[in-house]
Each structure stands twice: as C-alpha cells, then as structure tokens.
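Okay, here's what each chain looks like letter by letter:
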Amino acid sequence: MYGRLSSLLLGLWLAQAFMSGQAIADHRPGNIAVMAGTWALTGQYVKAGRGYNEARNLYLEQLNARGGLLGHKVEIKIFDDKSNRRTSIELYEKIITEDTADIILGPLASHIADAVANVMERYKRPFIALGAVSPTIFQRGRKYVFRPISVVSHDYQKGALLLAKQAGVSRIAVIGAENQFSRQVSMGAVGWAKKLGLEVVLLENFRAANTDFTDLIKRIGASGAEAVFMNGLYSDSIQQIRHLQEQNIDLTVLSSAMGATTPEFTTDLGSLAEFVLGFSQWLPNPEQKFQGVRDFIESYQKKYGGLPTYRAARAYAAMQVLEAATKRAGSFDPKKLRDALSSIKVETVMGPWEVDDTGFMSTEPTIIQIQGGRRVIVWPPNLAEAKFLPMPKWKDRIRK
C-alpha cells in the first residue's frame, strides 16, 4: 500500500514539474541534463537532414569537455520520426511526459515543426525549430517556437532569379513538390519573378516520392522556358536534371534550391552538375568573422573527414544559442529559458542570432554555382568568388 502511494505521489509530482516548468536534471541519476527531439533518420527527408546531427554531437562533446551545462553533463537523445508528422507529434508527447527532457530540440521539415509547435505551446516548452524555414510557423501567435539562423523560404530563389534577369532570361518554369516547404519556395520564386518582370510560363507541383519526371520535363520543354527553378527534394533534383539532359532541353539558367549544396550532388550527377545554381546560407570559409567559425570548421573536418554544410552550421549555431540562453536563464526552467531565448543576442558561427517578438529572424541568401566540380559563390556581388556562367547547350558540353 505504501509503495503504491509513493509511486502515485511521485507521478503527481512529475506531472506538476512538467506543467510548472520545474527542471528535473538534478533528480536524474548521474546529474545528467537531457536534450531530446525527433529527426528524419529514415524516410524522404533523411538526406536533407544529414549534417545536423553530426554538428550537434560535435558541439555536445565540446560542451561536456568545458564542464557541461549549469554543472550537469549533457546527453542528447534523438528519436526517428521517419519523416512523418504524426510520428513526430507522438514522440514529442513521449519526450516531454515520459523521457523528461530538460531541453527540447526541434525536428526537420517545416510542416512537421508546424505541427510539433502546437504540442510545445500546450506544454509550454520552448524549442528552436531547427529544420524549419517556413515563415507561417511564426505567424500564428505562438510563444514557444523560435527560428534558427535561416533565410526565409520565399527568398531561396531570389538571387538565382536576379542572375537569370541579368543573363537576359524572360521566360521561366517553377516546379516543386507537394509539401509546405516546396510550395512556399515556389510561391516566393513566382513573387520575385513578377517583381523582376519575368514571365512564369509553367508553375507545377508534383507529388512526393515521384521518381518518373518524364512528362513534367516534356512540359517544361514545350513551355519555351529559358530557366528552370527546382524546389523539390534532393532526389527530385537529381532525377529532373538527368531527364533534362536526356530530353536535350537547353536552358540558360538551372537552379536547384535543395540540390547543389548537398555534398553528394557532384558525385551523383558528375558533369551534369556543372553550371547548376543552388541556394546556401553559409559556406565553410574560416575567414568569416563569426564567433568560433574557424574552430568549428577545423573540428568538424577532423571528426567527420569533410567540410560542414550550411545545415551543419545551422545546427551548431542553434546549440550555441541554447547554451547561451540556458546560462542566461540560470536553470532549465522552461519559462525562464523561453524568456532568455526571446531577449538574448548570441554571436554564432553563422553570425548574430536575435529574434523578434514572434520568435522569427531572417538573413539574406547566398547563391552558389557548380564550376569545375566546385561550389563557388556567384551572388550577392559583395561575396561573389566567381562570375556567374550561363549554361551551355547539352551537346556542346558532351563534346568537352
């Protein structure tokens, strides 16, 4: 009887702790503080999510080597949401009510983060929506969701469209997948096209997990588009570019929002990757005057054998913010942490992080182009490492 009563009282205390924001790190064996969240370890977003976890784990090692957080050694627990919104929601419920995480880590993909944000509002748990770029997430009056250092999705293709205009393009095609992120990138591209006086001759979304783009590419060819702006997943871009070459559809500009900056892009496409434009928010240049950027690049390369992508930098920067905010709060109390995230300014490897009263912030995009197998910045002009090169005809490239 006494044992059952003790268990009941403990359960009631834990429930009260979650709802009141009391941290439980002091009561966990080994004095461990836990950061936990879900991620696309499998499913359609797995390749887009690569690099995030590596950077978080690197930061975790460095954080614990410095003594941890508020006197606690820190552990990270990541659960596979299988790129599925419903699975992610269920896992976050468990993370909060059963796994008793002290700090919540956000999921990948805007539509998943949008749904998870509702769970965080209910439990009053702040989180940085690490993989989310959709601005609508921050336009719903929420108080516990914060944006990482990121370009707003509507601006992903901004620089590529400006380059197309400068190259004399007048007719464009915009294609994307049937998901929240892709639709917003496409709508942003259409908006910028109108501002620049470019005619959108084809605007089309394709269903997720599509692997045969033969008919779509035929419609692009029939439209007379001189430039194509791809806003789907990495695997979509790979197939679409191959189809463009196979159908001998020549373009002046080809921009893949999510393709060209992925490390495997040049390996998977070989010479077909040449001249393709891509969006990036950060490149591994140790000369950037950002907090800890040189050490981050060198330590990441030493641990993983390659240079970090902007996705890895975004994850590392988010960890810098969480550490600084937790120290500002002086505890793991969710309300104090939320207040710290709302008011703090942090210098990170991607530049300064500071949000408005909706938890939102945004930076300018960078456009890279594959030239000689390398990614070089071609826009904006003040950061450009090389001149933008229009795409030659496929037949001329094959002869080279």
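About the cut-offs
Residues numbered from 1 in each chain as written. Predicted model: local features only at pLDDT ≥ 70, side-chain atom pairs only at ≥ 80, totals over all residues. Heavy atoms only, no water. Helix = DSSP H or I, 4+ residues; strand = E, 2+ residues; numbered from the N terminus. Contact = heavy atoms within 4.5 Å. Buried < 20%, exposed > 50% of the residue type's maximum accessible area, 1.4 Å probe, protein only. Polar contact = N/O pair within 3.5 Å; in protein donor to acceptor, adjacent residues only side chain to side chain. Pairing = 2+ DSSP bridges. Axes fitted to C-alpha atoms, helices over the stretch in contact; angles between N-to-C directions.

## Comments concerning the side chain of S150
You can see S150 is positioned in the loop between β5 (145-146) and α5 (158-166). Residues contacting S150, with those up to four places away along its chain left out, are V133, Q281, R314, M361, S362 and T363.

## Looking at the side chain of Q180
Inspection of the secondary structure puts Q180 in helix α6 (residues 180-196). Take Q180: its relative accessible area is 14%, and that puts it in the buried class. Among the polar contacts listed, one links the side chain of Q180 to the backbone nitrogen of H111, at a separation of 3.1 Å. Among the polar contacts listed, one links the side chain of Q180 to the side chain of T136, at a separation of 3.3 Å.

## Some details on the sheet that holds strand β8 (residues 227-230)
Spatially, the seven strands line up as an open sheet ordered β7-β6-β8-β9-β10-β13-β14, and their pairing is mixed. The two strands at the open ends of the sheet, each matched to only one other strand, are β7 (199-206) and β14 (374-379). Neighbour to neighbour, the strand axes of the sheet diverge by 25° on average, direction disregarded. Sheet topology places β8 next to strand β9 (residues 253-256); four bridges connect them, and they run parallel. Residue pairing in the sheet places V228 in a bridge with L254 of β9. Contacts from α5 reach β6 (171-177), β8, β9, β10 (277-280), β13 (366-371) and β14 within the one sheet, and its direction differs from that of β14 by about 75°. In the packing of helix α7 (residues 214-223) onto the sheet, the strands contacted are β6, β7 and β8, and the crossing angle to β7 comes to about 175°.

## Here we look at unusual backbone geometry
Cis geometry is found at the peptide bond from W379 to P380, where omega equals 10°. Mapped onto the elements of the fold, P380 is located in the loop between β14 and α13 (394-399). In this structure, S83 takes a positive phi of about 65° despite not being glycine. Within the element layout of this structure, S83 appears in the loop between β2 (73-80) and α3 (85-97). A positive phi angle is found at A109, which is not glycine, with a value near 85°. Relative to the elements of secondary structure, A109 occurs in the loop between β3 (103-105) and α4 (110-123). Look at A109 and you get buried, because its relative accessible area is 10%.

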